[in-house]
Amino acid sequence: MIAQVSVDVAAKQTDRVFEYHIPQELTDVAVGSRVVVPFGRRKVQGFVVGISKTTSYTGKLKDLLVVVDELPPLTPELITLSKTLADKIFAYRITILQSMLPRVMRANYRKILVPITEEAKKLKIFKGEPLDLNEVSNLNTIIEIKKLIKNNQAKIEYLVENKAKKKQIAIYLLTKTKAEYQQILKGLRKTAKKQQVLLDNIVKNYHEYPKLGSKIVSELDVSSSVLRAAVKKGWLVKKEQEMYRDPLKDFEPRKKKIQIKLNSEQTHALNSIGKSIQKREAKTFLLEGITGSGKTEVYLHAISIALEQKRNALMLVPEISLTPQMVKQVKERFGDNVAVLHSGLSEGEKYDEWRRIRRGEAQVVVGARSAIFAPLKNIGLIVIDEEHESSYKQNDTPRYHARDVALLRSKFHKCPVVLGSATPSLASRARAQKGRYELLLLTKRANQKALPKVDLIDLKTVEFAGAQFDLSIPLVDAIKEKIAKKEQVILLLNRRGFASFMLCRNCGFVLKCPNCDISLTLHKDTQQMQCHYCGHKEPIPRRCPNCQSEKIRFLGTGTQKVQEELENLLPEAKILRMDVDTTRRKGSYKKILDSFGDHQADILLGTQMIAKGLDFPNVTLVGVINADTALSLPDFNSSEKTFDLLTQVSGRAGRAEKTGRVMIQTYNPDNYAIKLAQSQDYESFYQKEMRVRFQGNYPPFFYTTLITITSKNEQSAAKEAFVIKRKLMRHLHAPTIILGPTPSSVAKIKNQYYYQILVKYKHEPKLHDLLHQIQDDAQLAQKRGLNIYIDNEPERIM
Ligand code: ADP
Ligand code: ZN
Ligand code: ZN
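Criteria and cut-off values
Residues numbered from 1 in each chain as written. Chains lettered and ligands numbered in written order. Predicted model: local features only at pLDDT ≥ 70, side-chain atom pairs only at ≥ 80, totals over all residues. Heavy atoms only, no water. UniProt positions renumbered as here; feature names shortened; annotations may be inferred. Near = heavy atom within 4 Å. Polar contact = N/O pair within 3.5 Å; in protein donor to acceptor, adjacent residues only side chain to side chain. Areas by Shrake-Rupley, 256 points an atom, 1.4 Å probe, with all protein chains shown as cover. Helix = DSSP H or I, 4+ residues; strand = E, 2+ residues; numbered from the N terminus. Nonpolar A, V, L, I, M, F, W, Y, C, P; charged D, E, K, R; others polar. Pairing = 2+ DSSP bridges. Patch = residues over 30% accessible without salt bridge, like charges linked within 9 Å, V, L, I, M, F, W, Y side chains within 5 Å. Salt bridge = Lys/Arg side-chain N within 4 Å of Asp/Glu carboxyl O. Donors = N, O, S within 2.8 Å, 3.2 Å for Na, K, Ca; no water. Tetrahedral: all angles 85-135°; square planar, octahedral: opposite > 155°, others 65-115°. Buried < 20%, exposed > 50% of the residue type's maximum accessible area, 1.4 Å probe, protein only. Axes fitted to C-alpha atoms, helices over the stretch in contact; angles between N-to-C directions. Phe/Tyr/Trp six-rings, centres within 6.5 Å; stacked < 30°, edge-to-face > 60°. Lys NZ or Arg CZ within 6 Å of the ring centre and 35° of its normal. Expected span 1.5 Å × (residues − 1). Arc of directions from axis to C-beta. Parallel < 35°, antiparallel > 145°, perpendicular 65-115°, else oblique. Contact = heavy atoms within 4.5 Å.

The chain appears in an unreviewed UniProt entry as Replication restart protein PriA from Lactobacillus gasseri. Looking at the chain in UniProt, the text filed under Sequence similarities (unreviewed entry) is "Belongs to the helicase family. PriA subfamily." Per UniProt, the chain carries the Function (unreviewed entry) text "Initiates the restart of stalled replication forks, which reloads the replicative helicase on sites other than the origin of replication. Recognizes and binds to abandoned replication forks and remodels them to uncover a helicase loading site. Promotes assembly of the primosome at these replication forks."

Set out below in structure tokens:
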């Protein structure tokens, strides 16, 4: 038999399948298997993408060397999907195959030096084992290595390592009858106290065995050496057993049977989706429902329908709304059938959850973007919550959009996709308008609560509380009033740190990152200036680095500064801050939310990570400290992003009995995105924004592709960009629009200069092949230090 293998080398020449002979002893090879194959002088990992009896290749095929896993990690469906997707988004197939696996399963290559001669084996550098070349940096050692290789005393080999480790637990089994143990106990020396304890326990609790090693040790207060001795004497047998790490262990496992009665709009939506599940239709629904209208309830009911049909369900939520609250809700409904995949898990936990899915032990998968590749079989429903979220698009290679992948998988499984949002993306809403998606509307809040009242505060005219220009008097008064009533407040500020830049008032100098074209942010807690793009850190300057003047000012604001201001203005209030800086450690996210939920704090201040999905009944005021941060970005969808964010965060207020209130501070109270967010009027926003997009020839009226060219050398990036532009001009014609090349809005990141070209088109049959050519040429350009990225339907084109 012959295996077609996609090898783990992301390059143009290797972006095809290679054939290998399957030796007799490797019987468990299947489509989807991960294998190790000889490739040139090396061994590399790859995936079996096909198996055939014959080959047209006339030479002698090499043998497959190793099958890595017992169960092929990928399903045939995912193998096929990788091919379709690679073509669609201009990525190498192997890059997509790799992103389908948890990170720990990606191959780790080690280059080692193996001694050949007896003489070499005795050399000090080997210490009895091969030398890891990745760890050699000493020049003398390098010279010695070269000599050994030249004299044929040692050779280089490549090791493919599998980083994924299963967690093992030890279980102890009995070997004798109860009477026999009593016999042994009697004959024991008086001094063997600990062994006595163990045998005594075995005799008294005979039925409790086999027992976990850790349990024996803790219950009997004996050391593991006692267990080892017992095994040696033949009293017990030790068995290693694989165990899953359970990321949900903090939640009570009991299933709650809360049967909420759906209202008529929810029922109508559920019926449509349910019918489609039963009829096995690859149909897409857009569930548009205002915040608090009970979309989640519709998803959960629909998942139940899929399960009743003996089919599985996949639910995506944005990373930042994959809150413990959300996970808990799903877990309570579906218990142990749920697997969760998100970045809050340790690599080991992710791997374990992933294996449960692959083995068919989980029927419901909840996860962030990359969970769209979960190796779930027999899918009966795919849900994408907050479908407008830009985080569903991966910003790095491979640049896939989870929504597009969902549609491909839905075709394969013949199951419906439900896209849900209070503020659908223009693209999805336009498709629903055309009838390509079925629109389902939820117009009322499920608990009959009115939407919160939203006030705009004009920062141009309002008076500020305190000496800083961040918090207005009306906002601070409202906070005080709520705290006095023992109610809680959420405050949003989309910028972390203390001050966003350092300005010299003497010479106008702004302190920028040495690697990026962006100003450094002051972080007071760590006493450093930080770059939010590359992580560069440096001490806070006391004089201007340019003119040595002491007249420097730290301007702009961030969460740290607002926290300090709040502490000054409201000394009694307890404040929790939630941003990247306070949530780095695993579990800290949950800890902050739990303690806010327990009312251990009055104010939760945070970046956009607090805008989604949180459901705290005692929150009656939501304040937006500056609504203009997103608006000021020169992007085609910045109004949409602003409208979405303000609507989402407003939805956090007044979710239960008490009425909610929202206050939005802005310098642009007349801007339509902000005004319509105030009235929470998605429909009008959609109409208005569609006109704006139409006039600007932007999506959804045009398709877009962004080509980005980067280099350490600004001129070569620009030059290459013009070469690509000319190539496009030769083959593409009106009404296609080619914009650029222009420097990107952040023109330099990590010492790389960025240039970009935007292609806007309606129907351009030649473009697909042309872009594939550009992708192929990119590899040659890479040798000249240039990187070229193609982004199909970019979320950002600044
Ligand atoms: P959304 O996801 O649309 O913002 P949720 O699904 O979070 O809304 O629902 C908001 C609140 O309303 C939740 O507390 C939920 O339990 C409740 N809820 C949902 N559907 C109903 C219903 N039919 N009757 C009563 N309460 C409901
Ligand atoms: Zn200066
Ligand atoms: Zn930087």
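Trainee: Even after reading the chapter, I still don't get the site of ligand 1, so can you show me in this structure?
Mentor: For ligand 1, the set of nearby residues contains 16 residues, the closest of which are Lys261, Gln266, Gly292, Lys295 and Thr296. With respect to ligand 1, the side chain of Lys295 contributes an N or O atom lying 2.9 Å from an oxygen atom. Protein chains bury 76% of the 560 Å² of accessible surface belonging to ligand 1 in isolation. Among the elements that line the shell around ligand 1, the one with the most residues is helix α10 (residues 295-308), at three residues. Across the shell around ligand 1, the residue classes tally to four nonpolar, seven polar and five charged.

Trainee: Can you help me understand the sheet that holds strand β2 (residues 18-21) in this one?
Mentor: For sheets, the rule is that strands pair by backbone hydrogen bonds, running either parallel or antiparallel. If you walk across this open sheet you meet the five strands as β2-β1-β4-β3-β5, and the pairing is antiparallel. Two strands in the sheet have a free side with no partner beyond their single neighbour: β2 and β5 (66-67).

Trainee: Looking at this structure, how should I read the environment of Ile184?
Mentor: Tracing the backbone shows Ile184 in helix α5 (residues 178-186). Separated by 51 residues in sequence, Ile184 and Trp235 place their C-alpha atoms 9.2 Å apart.

Trainee: I tried to follow a nonpolar patch on the surface on my own but got confused; where do I start?
Mentor: A cluster of nonpolar side chains, contributed by Leu139, Ile142 and Ile143, occupies part of the molecular surface with about 280 Å² of accessible area. Relative to the elements of secondary structure, Leu139 occurs in helix α4 (residues 139-150).

Trainee: Quick question: what am I supposed to make of the coordination of the zinc ion (ligand 3) here?
Mentor: For a metal with four tetrahedral donors the ideal donor-metal-donor angle is 109.5 degrees, while six octahedral donors give ideal angles of 90 or 180 degrees. Coordination sphere of the zinc ion (ligand 3), protein contribution only: Cys513 (SG), Cys516 (SG), Cys531 (SG) and Cys534 (SG), at 2.2 to 2.4 Å. Its four donor atoms give the zinc ion (ligand 3) angles of 105 to 112° at the centre, a pattern that matches the tetrahedral case. One chain supplies every donor for the zinc ion (ligand 3), spaced along it as C-x2-C-x14-C-x2-C. You can see Cys513 sitting in the loop between β21 (501-504) and β22 (521-523) and its partner Cys534 sitting in the loop between β23 (528-530) and β24 (537-539), a full 21 residues away along the chain. We classify Cys513 as buried; its relative accessible area is 5%. A relative accessible area of 25% places Cys534 in the partly exposed class.

Trainee: Explain the pattern of salt bridges here, please?
Mentor: When their charged atoms lie close together, side chains carrying opposite charge are able to pair. Summed over the entire model, instances satisfying the criterion amount to 36 salt bridges. The salt bridge partner of Glu288 is Arg429, with a shortest N-O separation of 2.7 Å. Remark: Arg429 occurs in helix α14 (residues 426-433) and Glu288 occurs in strand β12 (residues 284-289); sequence separation between them is 141 residues. Each member of the pair, Glu288 together with Arg429, is buried. With its nearest N and O atoms 2.8 Å apart, the salt bridge here joins Asp455 to Lys453. The class of Asp455 is buried, set by a relative accessible area of 18%. Connected through salt bridges with shared partners, the residues Glu208, Lys211 and Glu219 form a single ionic network.

Trainee: Would you mind showing me how to read the sheet that holds β22 here?
Mentor: Here we have three strands laid out as an open sheet, ordered β22-β23-β24, and antiparallel in their pairing. Each having just a single partner strand, β22 and β24 make up the two edges of the open sheet. Recorded for the sheet is a direction-independent mean angle of 35° between the axes of neighbouring strands. Here β22 pairs with β23 via three bridges, running antiparallel. Within the sheet, the bridge partner assigned to Leu522 lies in β23 and is Met529.

Trainee: Help me understand the packing of aromatic side chains in this model?
Mentor: Scanning the entire structure with this criterion turns up twelve aromatic pairs. Ring centres of Tyr672 and Phe685 lie 6.1 Å apart, and the angle between their planes is 25°; on these two criteria the pair is classed as stacked. With Tyr672 in helix α20 (residues 672-678) and Phe685 in helix α21 (residues 682-695), the pair connects residues that are 13 residues apart, well separated along the chain. In textbook terms, an aromatic cluster arises when at least three aromatic residues are bridged by ring pairs, as seen for Phe643, Tyr672, Tyr682, Phe685 and Tyr686. The ring of Tyr686 carries the charged tip of Arg429 above its face, separated from the ring centre by 4.7 Å. Over the ring of Tyr672 we find Lys688; its NZ or CZ atom is 4.9 Å from the centre of that ring.

Trainee: Looking at this model, I keep getting lost on α21. Mind explaining?
Mentor: Residues that lie three or four places apart on an α-helix share one face, since the helix turns once every 3.6 residues. Its 14 residues give α21 an end-to-end C-alpha distance of 20 Å, which sits within 8% of 20 Å, the value for a rise of 1.5 Å per residue. Among the residues making up α21, those that are buried are Tyr682, Phe685, Tyr686, Glu689, Met690 and Arg693. Around the axis of α21, the buried residues are gathered within 130° of arc, so they sit on the same side. Along α21, exposed side chains directed more than 90 degrees from the buried face belong to Phe694 and Gln695. In the stretch just after α21, Asn697 is the one whose phi turns positive, near 55°.

Trainee: What exactly am I supposed to notice about the packing of α14 against α21 here?
Mentor: Describing two packed helices takes the angle between their axes plus the distance from one axis to the other. In the contact formed by α14 and α21, the axes pass within 11 Å of each other and the chain directions differ by 100°. Our classification of the angle between α14 and α21 gives roughly perpendicular. Contacts between α14 and α21 involve Leu426, Arg429, Ala430 and Gln433 from the former and Tyr682, Glu683, Phe685, Tyr686, Glu689, Met690 and Arg693 from the latter. Of the residues assigned to the contact of α14 with α21, the class counts are six nonpolar, one polar and four charged.

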